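Residue-level listing of the chains:
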Amino acid sequence: MTAASVTSLRLPGVALVRPPIHHDARGALSPWFEAPRDASWGWPTVVQVNHVRSAAGVLRGLHWQRTRPQAKVVRVLRGAILDVVVD
């Protein structure tokens, strides 16, 4: 299997991950979460996954947890986003 492409960005802990896409006669598969692989990158254990669908032009709020920080995974299935990370 082909490895995911991981690019570290300017802020520590922020990365752009491009999972591989495996094609065959049935269609395609892209493993966007793999616990052993993600743990090897030093990522926290995933305990919850949400899927959010936003209308065009929607601005979602900035979230911050002081005592129980959470990692965030953003996937774009169609269109484009502007994702902002604040240090």
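Residues numbered from 1 in each chain as written. Predicted model: local features only at pLDDT ≥ 70, side-chain atom pairs only at ≥ 80, totals over all residues. Heavy atoms only, no water.

A. Quick look at the overall build of the protein. When helices and strands are tallied, the protein shows one helix and four strands. Counting from the amino terminus, helix and strand elements in the protein follow one another as β-β-β-β-α. Within the protein, contacts between residues separated by at least 24 positions form 25% of all contacts whose residues are at least 6 apart in sequence. When the accessible surface of the protein is summed, it comes to about 8500 Å², and 55% of that surface belongs to carbon and sulfur atoms. (Helix = DSSP H or I, 4+ residues; strand = E, 2+ residues; numbered from the N terminus. Contact = heavy atoms within 4.5 Å. Areas by Shrake-Rupley, 256 points an atom, 1.4 Å probe, with all protein chains shown as cover.)

B. Main features of a nonpolar patch on the surface. Together, Trp32, Phe33, Val46, Val49 and Val73 make up an exposed nonpolar region whose accessible area comes to about 450 Å². Relative to the helices and strands, Val73 is located in the segment after helix H1 (35-40). Given the relative accessible area of 59%, Val73 is considered exposed. (Patch = residues over 30% accessible without salt bridge, like charges linked within 9 Å, V, L, I, M, F, W, Y side chains within 5 Å. Salt bridge = Lys/Arg side-chain N within 4 Å of Asp/Glu carboxyl O. Buried < 20%, exposed > 50% of the residue type's maximum accessible area, 1.4 Å probe, protein only.)

C. Quick look at the pattern of salt bridges. This structure, assessed with the given rule, holds one salt bridge. Asp24 is paired through a salt bridge with Arg26; the nearest N and O atoms lie 2.5 Å apart. Take Arg26: its relative accessible area is 78%, and that puts it in the exposed class.

D. The arrangement of the confidence of the model for the protein in detail. When the pLDDT values of the protein are averaged, the result is 80; 98% of them are 70 or greater. Put simply, H1 is where the protein has its lowest mean pLDDT, 75, and strand S3 (residues 22-24) is where it has its highest, 91. (pLDDT = per-residue confidence, 0-100.)

E. Geometry of the environment of Trp32. Along the polypeptide, Trp32 turns up in the loop between strand S4 (27-29) and H1. Distance in space between the C-alpha atoms of Trp32 and Val46 is 12 Å, their sequence separation being 14 residues. With sequence-adjacent residues up to four places away left out, Trp32 is seen in contact with Pro19, Arg37, Val49, Val73 and Arg75.

F. Spatial organisation of the pairing of strand S1 (residues 5-8). Alignment of S1 against strand S2 (residues 15-18), held across four bridges, turns out to be antiparallel. What sits directly across from Ser8, in S2, is Ala15. Where S1 hands over to S2, the hairpin turn is made up of six residues, of which Gly13 adopts a positive phi near 85°. (Pairing = 2+ DSSP bridges.)

G. Structural view of the environment of Asp87. Its location among the elements puts Asp87 in the segment after H1. Separated by 50 residues in sequence, Asp87 and Arg37 place their C-alpha atoms 26 Å apart.

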